[in-house]
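# Structural description and commentary
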Amino acid sequence: MAPGLAFRILAHLEELGLLEAGDLVLDPLCGIGTSLLVSCARGFASVGVELESEFVSLAQANADRLKAKGSPVAQWEDIIVAVRKDTPSPFVTPSGIRI
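Residues numbered from 1 in each chain as written. Predicted model: local features only at pLDDT ≥ 70, side-chain atom pairs only at ≥ 80, totals over all residues. Heavy atoms only, no water.

### Description of the overall build of the protein chain
Within the protein chain one finds three helices and three strands. Each helix and strand of the protein chain, ordered N terminal to C terminal, gives the series α-β-α-β-α-β. Counting over 99 residues, the protein chain shows a buried share of 31%. Of the roughly 6,400 Å² of accessible surface on the protein chain, 62% is carried by carbon and sulfur atoms. (Helix = DSSP H or I, 4+ residues; strand = E, 2+ residues; numbered from the N terminus. Buried < 20%, exposed > 50% of the residue type's maximum accessible area, 1.4 Å probe, protein only. Areas by Shrake-Rupley, 256 points an atom, 1.4 Å probe, with all protein chains shown as cover.)

Given below as structure tokens:
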């Protein structure tokens, strides 16, 4: 996702009252971490899940680059979860479907 789009989506959610200070942003398909980084920069806690280890590495590189520029990306190590392909997902919907 383009950073500008992630920014606009988060701003719109705030305008609608669906996202408030202190809320947690969850990105279940976080890819290279754009929405997580934008969330952190806007002051929200965020958690991402990514299946592909290559994308996890790219997300880490993006976070490191922003940290070096002084961006308020705090605790990056805690906001992305790599889920191995050969293990069951730790996430289950209320109806019992494993995602």
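Having seen the structure, we can now continue with the description.
### Here we look at the nonpolar core
Counting six residues, the largest nonpolar core consists of A6, L10, L19, V25, V38 and F44. The residues contacting V38, other than those within four sequence positions of it, are P3, A6, F7 and L10. (Core = buried A, V, L, I, M, F, W, Y, C linked by side-chain atoms within 4.5 Å. Contact = heavy atoms within 4.5 Å.)

### A few points about a nonpolar patch on the surface
Taken together, the side chains of M1, L5 and I9 make up a nonpolar region of the molecular surface, amounting to roughly 270 Å² of accessible area. You can see M1 is positioned in the segment before helix 1 (3-15). Since its relative accessible area comes to 55%, M1 is described here as exposed. (Patch = residues over 30% accessible without salt bridge, like charges linked within 9 Å, V, L, I, M, F, W, Y side chains within 5 Å. Salt bridge = Lys/Arg side-chain N within 4 Å of Asp/Glu carboxyl O.)

### Remarks on the side chain of N62
Tracing the sequence through the fold places N62 in helix 3 (residues 53-68). A distance of 2.5 Å separates polar atoms of two side chains, one belonging to N62 and the other to R65. Residue contacts for N62: discarding those within four places in its chain leaves I32 and L37. (Polar contact = N/O pair within 3.5 Å; in protein donor to acceptor, adjacent residues only side chain to side chain.)

### Quick look at the pairing of strand 2 (residues 45-50)
Across four bridges, the pairing between strand 1 (residues 24-27) and strand 2 is parallel. Across the sheet, D27 pairs through a bridge with G48, a residue of strand 2. For the handedness criterion, the β-α-β arrangement of strand 1, helix 2 (residues 34-41) and strand 2 is classed as right-handed. (Pairing = 2+ DSSP bridges. Right-handed = clockwise from strand over helix to strand, strands pointing away.)

### Brief notes about helix 3
Residues spaced three or four apart along an α-helix point in a common direction, a consequence of the helix completing one turn every 3.6 residues. Between its first and last C-alpha, helix 3 extends 23 Å over 16 residues, near the 22 Å set by a 1.5 Å rise per residue. Along helix 3, the residues classified as buried are V56, A59, N62 and A63. Projected down its long axis, helix 3 shows its buried positions confined to an angular sector of 120°, all on one face. Away from the buried face of helix 3 by more than 90 degrees, exposed residues S53, E54 and A68 are located. G70 sits one or two positions beyond helix 3 and adopts a positive phi of about 90°. (Expected span 1.5 Å × (residues − 1). Arc of directions from axis to C-beta.)

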